[in-house]
Each structure stands twice: as structure tokens, then as C-alpha cells.
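Residues per chain are reported as follows:
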Amino acid sequence: MKLDFVRGHMGGNLIILLHGDQVPVGRELETAVKLMGANYLYAHEAGILYATGKPGQIEVKIAEPTVPCFISACGGFTQVLGAALVETDLGDLFGLSKAASPANVVLHTDCGPTSLSINFENGKAKKIRTNMECFVTECYEHGVGKMTINELEVLRAGKFLVINADIFRKVYPFADFNSWNGKTREALLNIQHQFMSETGEIEPNVAVYDWNPERKGNMRVVFPHYVQDEFFEPSCGTGSVALGLAVLAAGELEQISAGENGWHSLDIESGGGIELGGPDLTTLEMKIENNQAVSAVFSHSRVEITSVGEARF
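Residues numbered from 1 in each chain as written. Predicted model: local features only at pLDDT ≥ 70, side-chain atom pairs only at ≥ 80, totals over all residues. Heavy atoms only, no water.

Undergrad: Quick question: what am I supposed to make of the environment of Ala242 here?
TA: Structurally, Ala242 can be placed in helix H7 (residues 237-249). Along the backbone, Ala242 and Ala157 are 85 residues apart, and their C-alpha atoms lie at a distance of 5.2 Å. Setting aside chain neighbours within four positions, we find Ala242 in contact with Phe135, Ala157, Phe160 and Val162. (Helix = DSSP H or I, 4+ residues; strand = E, 2+ residues; numbered from the N terminus. Contact = heavy atoms within 4.5 Å.)

Undergrad: Would you mind going over unusual backbone geometry with me for this structure?
TA: Excluding glycine, residues mostly carry a negative phi; peptide bonds, for their part, are mostly trans. Of note, the amide linkage connecting Val67 to Pro68 takes the cis form, showing an omega dihedral of -15°. When you line up the elements, Pro68 lands in the loop between strand E4 (57-64) and strand E5 (69-71). Geometrically, the link from Ser101 to Pro102 is a cis peptide bond, its omega value of 5° lying close to zero. Here Pro102 is to be found in the loop between helix H3 (90-93) and strand E6 (103-108). Unlike most non-glycine residues, Asn150 shows phi in positive territory, near 50°.

Undergrad: Got a minute to help me understand helix H2 (residues 75-87) in this structure?
TA: For an α-helix, 3.6 residues make a turn, and residues three or four places apart therefore share a direction. Relative to the 18 Å expected for 13 residues at 1.5 Å per residue, H2 spans 19 Å between its end C-alpha atoms, a close match to the ideal helical length. Taken across its 13 residues, H2 has 12 buried, putting it largely inside the fold. Where H2 is concerned, the buried positions are Gly75, Gly76, Phe77, Thr78, Gln79, Val80, Leu81, Gly82, Ala83, Ala84, Leu85 and Val86. (Expected span 1.5 Å × (residues − 1). Buried < 20%, exposed > 50% of the residue type's maximum accessible area, 1.4 Å probe, protein only.)

Undergrad: Which parts of the structure should I look at to understand the nonpolar core?
TA: The tendency in soluble globular proteins is for nonpolar side chains to be buried side by side. One finds Leu17 and Phe77 to be the most contacted residues of the largest nonpolar core, which totals 66 residues. Excluding its chain neighbours within four sequence positions, the residues that come into contact with Phe77 are Ile15, Leu17, Gly47, Leu49, Val60, Ile62 and Leu107. Membership of the second largest hydrophobic core comes to 24 residues, among which are Met147, Phe177, Phe195 and Val222. (Core = buried A, V, L, I, M, F, W, Y, C linked by side-chain atoms within 4.5 Å.)

Undergrad: Looking at this structure, I do not really get the side chain of Gln192. What am I missing?
TA: Its location among the elements puts Gln192 in helix H6 (residues 182-199). Look at Gln192 and you get buried, because its relative accessible area is 2%. Setting aside anything within four residues of it in sequence, one finds Gln192 in contact with Leu161, Pro204, Asn205, Val206, His225 and Tyr226.

Undergrad: Is there a simple way to think about empty space enclosed by the protein in this case?
TA: Remark: the empty space left among the atoms is shown by a probe the size of a water molecule rolled over them. In total, this model carries three cavities of 30 Å³ or more according to the counting rule given. Its volume calculated, the largest cavity comes out at about 140 Å³. If you go around the largest cavity, you meet 16 residues; those closest to its centre are Glu45, Ile71, Asn205, His225 and Glu233. Residues belonging to the lining of the largest cavity are distributed by class as follows: seven nonpolar, four polar and five charged. Its boundaries defined by the atoms lining it, the second largest cavity holds a volume of some 50 Å³. What lines the second largest cavity is simply Lys146, Glu153, Val154, Leu155, Val162, Ile163, Asn164, Ile167, Tyr209, Ala250 and Glu252. (1 Å grid on protein atoms, 1.4 Å probe; cavity = no way out; pocket = protein on both sides within 12 Å on 5 of 7 lines; lining within 4 Å. Points joined across faces, edges and corners; volume = space filled by probe spheres on them. Nonpolar A, V, L, I, M, F, W, Y, C, P; charged D, E, K, R; others polar.)

Undergrad: Looking at this structure, how should I read the packing of aromatic side chains?
TA: How two aromatic rings sit relative to each other is given by the distance of their centres and the angle of their planes. Applying the stated rule across the entire model yields six aromatic pairs. When the centroid spacing of 4.8 Å and the interplanar angle of 40° are considered together, the rings of Phe168 and Tyr172 count as tilted. Assessed through its relative accessible area of 1%, Phe168 is described here as buried. Centre to centre, the rings of Phe168 and Phe177 are 5.3 Å apart; their planes meet at 65°, and the pair counts as edge-to-face. The residues Phe168 and Phe177 share a single accessibility class, namely buried. Through successive ring pairs, a cluster of aromatic residues spans Phe168, Tyr172, Phe174, Phe177, Trp180 and Phe232. Geometry around Phe70 places Lys61 over its ring, the cationic atom sitting 4.8 Å from the centre. The lysine or arginine in question, Lys183, covers the ring of Phe174, its NZ or CZ lying 5.8 Å from the ring centre. (Phe/Tyr/Trp six-rings, centres within 6.5 Å; stacked < 30°, edge-to-face > 60°. Lys NZ or Arg CZ within 6 Å of the ring centre and 35° of its normal.)

Undergrad: Is there a simple way to explain the environment of Asn261 in this structure?
TA: Relative to the elements of secondary structure, Asn261 occurs in the loop between H7 and strand E15 (263-270). In sequence terms Asn261 and Glu289 are 28 residues apart; their C-alpha atoms lie 9.5 Å from each other.

Undergrad: Explain helix H4 (residues 133-142) here, please?
TA: All of the buried residues in H4 are Cys134, Phe135, Val136, Glu138 and Cys139. Buried residues belonging to H4 abut strand E7 (113-121), strand E9 (144-149), strand E10 (152-157), strand E11 (160-164), H7 and strand E17 (292-300). A positive backbone phi angle near 125° is found at Gly143, which sits one or two residues after H4.

In C-alpha cells form, the structure reads like this:
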């Protein structure tokens, strides 16, 4: 089998993009998971792209390897795809107009329509804004709010377990979110398993954050989705949205001043490695009405296309 691919990352969140018309029908998940393996392209998620016949509109299926399964949304995928559409021939393949910046795209995901606004210059993406409104709705449908697990107060934001690192350290003083020692991993796994058991969520999704930024952010985060298999995402778009919803529900967003028309903006330090925080910034903008988010848009400071080629297996 030969498959064309584009590979890139968002702050270390590794993504591969595949042409849907080249993927064997009925073997989409199997093929994507195999390509995400360490012996092939290695990635955290894969996006399979299908033409809709409408310029600038793309149907997508997003696969992740831990369960494995197709997932409803992936912010890192949208950011890498946005860059690929203006920096590779994918834009021409899917009828994207690059007559002027920004270029606009609508993705048809399992979550719902997801729009991208891609600012570019001289054939290079400068900033990609992803509207995650459908994911916000999905999170509230699953549930958003506080929980107590193993005497630890945590937050739920849809399918995400969200943990304040400072609160975690009070219950588990040995916790180290830089080295991720064995005791830290064991404690987190126990909480994660209990969270999934109580909520019925089957995807391992975790965000660990604090309000101790080291650079220009308001807060910092890492996404140790499945430490048992070393599955860390240094950056995560859906995780950043879930984090925003969680801190809003916890009343922690009050320290961030509101902008115009009910929009709040958070700069979140993430990316680069498995440690809490990072060298990059994820900017999350949320529109809040009656103490609940009704829309969320995010962008990331470092999105790169790293390779374009043909996979054979």
C-alpha cells in the first residue's frame, strides 16, 4: 500500500494527514493507527481528509491510537491542517482559495462544522484560528463541573479530566510534573481510571495545569493523557478548550479581565515536552454568557509542517 501524507506538529502535538480516497474502505481506523505507530510515521492523531465537492469544505475523520478509535474533534489536527492547506498542495486538492489572506475553511467533523481562518504570507501560515464552538457544546452535553476522586478535588470538562497541579500536590506532596516520577504516574493513573469509571468516558484525556506561568502566559498546562504508555501531548487544542471551560466552572477565571462583548482571553503556556508549561503559547478566546461559554476560538504560536511524502506498508 502507498499513501501520500503530510506530517506536522502543534507545539509537539504530532499530526499526520492522509488523503481519504487512498485509504482502503473499511480499514480506515486500522490504517491510520498503523501509520501512527513508532515503526512508521509516529503521531498522536491522524486526520483522514475527504473532498465534499464544495470549495474550501472538507469532510474529516480523526483517529487516535490509545483506545484506538475515531474522535469527534482535535484542535492540533485543525492547526496543522490549516498550515498544510497553504504550504502544500492540499489547498489546491480541496479547492481552497488563496487569493487573499485570511483563507477560510469549514471542516465537517464528527463533532460538527468547525471553521478555520488561516492568515498567511508568501505561502507560509502565520496564524490559524480554530472555532471550537461545536466542541464546547459537546463538553456541556457530557458535563462540566467539580468532582471529588480519592479525596482530590478535580474538574470535568466533557471527556476531559482536568487537574489543578497545586491542589494535587497538597494531597500528593511527592508529585513532580517535570520528571513525572513513578509515584506521580501511579497516583494520576488511579484517579484517571476512577474518573473514567464514574463518567463512562472511554478516551483517556487529561489536562494538568496551574496558575504559575514562567513566561508571558496567564497559566500553564501539560496533557498526560495516558502516562502508562508514555502518551503525553505537550499541546492539545481540545484540551485547552476543556481547560478554559473547567476553570470557568471552578470560578478561577475571575482573575482574568473580560474583553469586549463577553469575550475572555487566556494565554496558556504549553508545548515542547512533557513538563508542565512550555516554550509556546496557546491563546484561547471564550465568549461567556450567564457564566457559561457559548463559543471558543483558539490558536497556537508554533505550528510547523515537518515532512511531506509517501508511506509504504
